[in-house]
Amino acid sequence: MKKLIYTTAVNTMDRAIDDVDIFNTTKLSWEHYCKRHNIDFYVIDEELHPNTSPHWFRYWIFDLKPDYDRYMYIDTDIMVKWDAPNIFDKFGSEDIHAVRDNSGLSWIWEGLNGYQTMFPDVHVEWDKYFNSGMLLFSDKHQEVINHFKEFYISNQPIIQDYRDRLRKGFDQTVFNYFLTWYGQETKLISEKWNLFHMIRREVLYNGYFLDMAYFWHFNGLDRNTQVKFIQDVWSKIGSNYER
């Protein structure tokens, strides 16, 4: 069975941030993880569609790498613990798996209400809303992922207008709505597999996250702080990945 973990590290001309600064560090942890568990690792590092935030390029994966059985997408600002178990051994291939997003309920509530008019007949429960920074799926989901990509391309101006008005993320809320509309179940799994907004949860600067989770998601920080913190973490724990 062929397994792939992939991420995006694309710097388009109009982006004010540089994913490569972060990825140069976080990729070291993923290369170690993939080698330990015999998983291929792939980076989307080129623009795939004009005038599009790289957040959307994760949904082009079946155009780029169609010959795998299992897939996992991870955001660039996620690092994996050196002894983390193989996630593909923990969960089956029938469902899409993700982690419930509950770190900023007002942001989630406002986003769901804001995008409701795009999906007037679809209802997404706020306590079933997931974070798209880690997505575990399989070749069985090629159809729904490709349909979502085509939905974005066909509705790009409308989606961008919602984005500009609401300022509530990029793909995440739209993908939550789309999967619900499509009838595709998303199984919610432990936050150990995507411990996000660690600063808001007060587990970042005290280092608690190191023992709490397998996948550490360093979002919610301004970019300069984020880059420096990730680099500082690696300087302290990087030797664990040499074993």
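In this text the structure is predicted, and so the values were computed from the model without any measurement.

1. As for the side chain of lysine 168
And step 1. Position of lysine 168 relative to the elements: it lies in the loop between α6 (156–166) and α7 (172–182).
And step 2. For lysine 168, a relative accessible area of 14% gives the class buried.
And step 3. A distance of 2.7 Å separates the side chain of lysine 168 from the side chain of glutamate 110, its partner in a polar contact.
And step 4. Not counting residues up to four positions away in its chain, the partners in contact with lysine 168 are Trp107, Glu110, Gly111, Tyr115, Arg163 and Thr173.

2. Some thoughts on the pairing of strand β3 (residues 70–74)
And step 1. Burial analysis of β3 places 5 of its 5 residues in the buried class, the great majority of the element.
And step 2. Burial along β3 is two-sided: Arg70, Met72 and Ile74 and Tyr71 and Tyr73, pointing in opposite directions, are all buried.
And step 3. As paired strands, strand β1 (residues 3–8) and β3 are joined by 4 bridges and run parallel to one another. Following the sheet pairing, lysine 3 is matched in β3 by arginine 70.
And step 4. With 5 bridges connecting them, β3 and strand β6 (residues 130–138) associate as antiparallel partners. Note that in β6 the partner of arginine 70 across the bridge is serine 138.

3. Some remarks on the packing of aromatic side chains
And step 1. In the structure shown here, the tally under the stated rule is 39 aromatic pairs.
And step 2. On the numbers, 5.1 Å between centres and 5 degrees between planes, the contact of phenylalanine 119 with tyrosine 177 is stacked. A residue pair is termed long-range when its members are at least 10 positions apart, and phenylalanine 119 in the loop between α4 (105–115) and β6 and tyrosine 177 in helix α7 qualify at 58 residues.
And step 3. Given the relative accessible area of 6%, phenylalanine 119 is considered buried.
And step 4. For tyrosine 177, a relative accessible area of 0% puts it in the buried group.
And step 5. Its guanidinium or amino end placed over the ring of phenylalanine 170, arginine 163 lies 3.9 Å from that ring's centre, counting from NZ or CZ.

Conventions we followed
- Residues numbered from 1 in each chain as written.
- Predicted model: local features only at pLDDT ≥ 70, side-chain atom pairs only at ≥ 80, totals over all residues.
- Heavy atoms only, no water.
- Helix = DSSP H or I, 4+ residues; strand = E, 2+ residues; numbered from the N terminus.
- Buried < 20%, exposed > 50% of the residue type's maximum accessible area, 1.4 Å probe, protein only.
- Polar contact = N/O pair within 3.5 Å; in protein donor to acceptor, adjacent residues only side chain to side chain.
- Contact = heavy atoms within 4.5 Å.
- Pairing = 2+ DSSP bridges.
- Phe/Tyr/Trp six-rings, centres within 6.5 Å; stacked < 30°, edge-to-face > 60°.
- Lys NZ or Arg CZ within 6 Å of the ring centre and 35° of its normal.

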